[in-house]
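Coordinate analysis (summary)
The chain contents come next:
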Amino acid sequence: MFKKFNIKEDVTGHTQVKSSVQRAIRAKILEQYKEGIEGIIDDVMPKKAPLILMKCHEHINLIVMNNEVLFFNHFDGHYYPTLKLLHKYPNMLPRLQVDRGAIKFVMAGANIMCPGLTSKGARMDVSVPADSVVAITAEGKNEILAVGTTKMSTDDIKRINKNIGVETVHYLNDCLWKTVVDL
Amino acid sequence: MADSPDAPSNEHVKPREVPYCGFCSLPPEYCEFGPTLDKCKQWLSRNDKVLYSILYNTLEDHLAATSLGEPEEDKKKAKEAAKIEKQMQKKMQSKVLIKRIERTKRKCVTSVFGLENFDVDLKKAAKLFANKFACGSSVTKNNQGNDEIVVQGDVSDEIFDLILEHWPIVPEDNIDLIEDKKKGK
């Protein structure tokens, strides 16, 4: 999604949203992440701080607070946390680990294929259903490498072991990662 | 993640501080997958010796193993690194022009051109100049279609100092002062 993204050109406008909209967004994020975020939501998104919604091309919305992109979504889909936020609160999402060989492909924007999640260096300690937001870590690394949505449930990934397992949405060193918001 | 022991409870969870590489902005452990490993290494060894020794002492063997296996990969990486290097060099060579343009006999404007090559937000810069010199300042397109900042009044020397102070990445030698006496024929 952010393979090509330029904040100067791709942002059509940004507005400070009404507090009712802010509450709605907050509620949606809370609902989506439940346990993962309950304890930290007040730190991540203080109720009173102004929240800015950046509308970009292709129906991407960025949620910006204090000049930091916190979440983004596509159409009315999931709200994905950005990697910078995830690095601060790594327990927000269920984590899947890919093997070492996959890292360079993921960092080039490739989707994560099932074998990369089932091989020796990889780990899937949690079971998640299809179409849920997950964080991707890597063999031998502490930090989170990418964010994506599962294309099939973790059980299916193990069973089928073919095709795309996780669709990469945002990864290290993509254009969103490099973006510096300055309003 | 609800069932794992380190899942966040409802207690207050402090944000983790993650160091980022000053050169490629990645977390240092991912530098090896970035295009500029050598530069990143230099940066890390200067800024965080502890982390450097942890990361690269164990990594050296790994790297040697992988790079031997994939010579093509190395070539690609080298190419990319060279590209970045080139861009940097180009950036360092580009000039910032400060031009004094006469409007009428004793009134003039100062135009600043080329700041955007150093990743300066022109709008912000214009605002800064306006604040600093208490005068009008705006971003305009000149007749070549490039953006430049036009500041009302002759403030060329002050701008020179201000740029140096405010954007230290702009090398002093690259800033040129030009006096354009007879503007428009």
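Residues numbered from 1 in each chain as written. Chains lettered and ligands numbered in written order. Predicted model: local features only at pLDDT ≥ 70, side-chain atom pairs only at ≥ 80, totals over all residues. Heavy atoms only, no water.

Per an unreviewed UniProt entry, the recorded name for chain B is Translation machinery-associated protein 22, and the organism is Mortierella alpina. Note on chain B: under the UniProt heading Subcellular location (unreviewed entry), the record states "Cytoplasm". Note on chain B: under the UniProt heading Sequence similarities (unreviewed entry), the record states "Belongs to the DENR family." (UniProt positions renumbered as here; feature names shortened; annotations may be inferred.)

As recorded by an unreviewed UniProt entry, chain A carries the name Translation machinery-associated protein 20 and is attributed to Mortierella alpina. Of the comments in the UniProt record for chain A, the one headed Sequence similarities (unreviewed entry) reads "Belongs to the TMA20 family." Here chain A is described in UniProt, under the heading Function (unreviewed entry), as follows: "Involved in translation."

Take the overall build of chain B next. A tally of helices and strands in chain B yields five helices and five strands. For chain B, the N- to C-terminal ordering of α and β elements is α-α-α-β-β-α-β-β-α-β. Counting all 185 residues of chain B, 33% fall into the buried class. For chain B, the exposed area adds up to about 12,300 Å²; of that, 51% sits on carbon and sulfur atoms. (Helix = DSSP H or I, 4+ residues; strand = E, 2+ residues; numbered from the N terminus. Buried < 20%, exposed > 50% of the residue type's maximum accessible area, 1.4 Å probe, protein only. Areas by Shrake-Rupley, 256 points an atom, 1.4 Å probe, with all protein chains shown as cover.)

Attention now goes to the packing of helix α4 (residues 122-133) of chain B against helix α5 (residues 156-166) of chain B. Residues and elements named next belong to chain B. At a minimum axis distance of 12 Å, the contact between α4 and α5 shows a crossing angle of 125°. One finds that α4 runs oblique with respect to α5. Here the hand of the crossing between α4 and α5 comes out right-handed. Taken together, the residues of α5 that come into contact with α4 (itself represented by Leu128, Phe129, Lys132 and Phe133) are Glu158, Ile159, Leu162, Ile163 and His166. For the contact of α4 with α5, the class distribution of residues is six nonpolar, one polar and two charged. (Axes fitted to C-alpha atoms, helices over the stretch in contact; angles between N-to-C directions. Parallel < 35°, antiparallel > 145°, perpendicular 65-115°, else oblique. Left-handed = near helix turned anticlockwise from the far one by under 90°. Contact = heavy atoms within 4.5 Å. Nonpolar A, V, L, I, M, F, W, Y, C, P; charged D, E, K, R; others polar.)

A separate point is the sheet that holds strand β4 (residues 68-74) of chain A. Residue and element names in this part refer to chain A. Spatially, five strands are ordered β1-β2-β3-β4-β5 in an open sheet, and the strand pairing comes out antiparallel. At either end of the open sheet lies a strand with only one pairing partner, and these are β1 (11-16) and β5 (79-81). Strand-to-strand twist in this sheet, taken as the mean axis angle between neighbours without regard to direction, amounts to 25°. Sheet topology note: the strand β3 (residues 60-65)/β4 ladder contains six bridges and is antiparallel. The residue of β4 that forms the bridge with asparagine 61 is asparagine 73. Taken strand by strand, helix α2 (residues 19-33) contacts β2 (52-56), β3, β4 and β5, and its axis lies near 75° from that of β5. (Pairing = 2+ DSSP bridges.)

What follows covers the packing of aromatic side chains. Per the stated rule, a full pass over the model turns up six aromatic pairs over all chains. For the ring pair tryptophan 177 of chain A and tyrosine 20 of chain B, a centre distance of 5.3 Å and an interplane angle of 80° mean the geometry is edge-to-face. Residue tryptophan 177 of chain A is located in helix α9 (residues 175-178), and its partner tyrosine 20 of chain B is located in the segment before α1 (37-47); the two belong to separate chains. Overall, tryptophan 177 of chain A belongs to the buried group, its relative accessible area being 3%. Since its relative accessible area comes to 25%, tyrosine 20 of chain B is described here as partly exposed. For the ring pair phenylalanine 129 of chain B and tryptophan 167 of chain B, a centre distance of 6.3 Å and an interplane angle of 85° mean the geometry is edge-to-face. (Phe/Tyr/Trp six-rings, centres within 6.5 Å; stacked < 30°, edge-to-face > 60°.)

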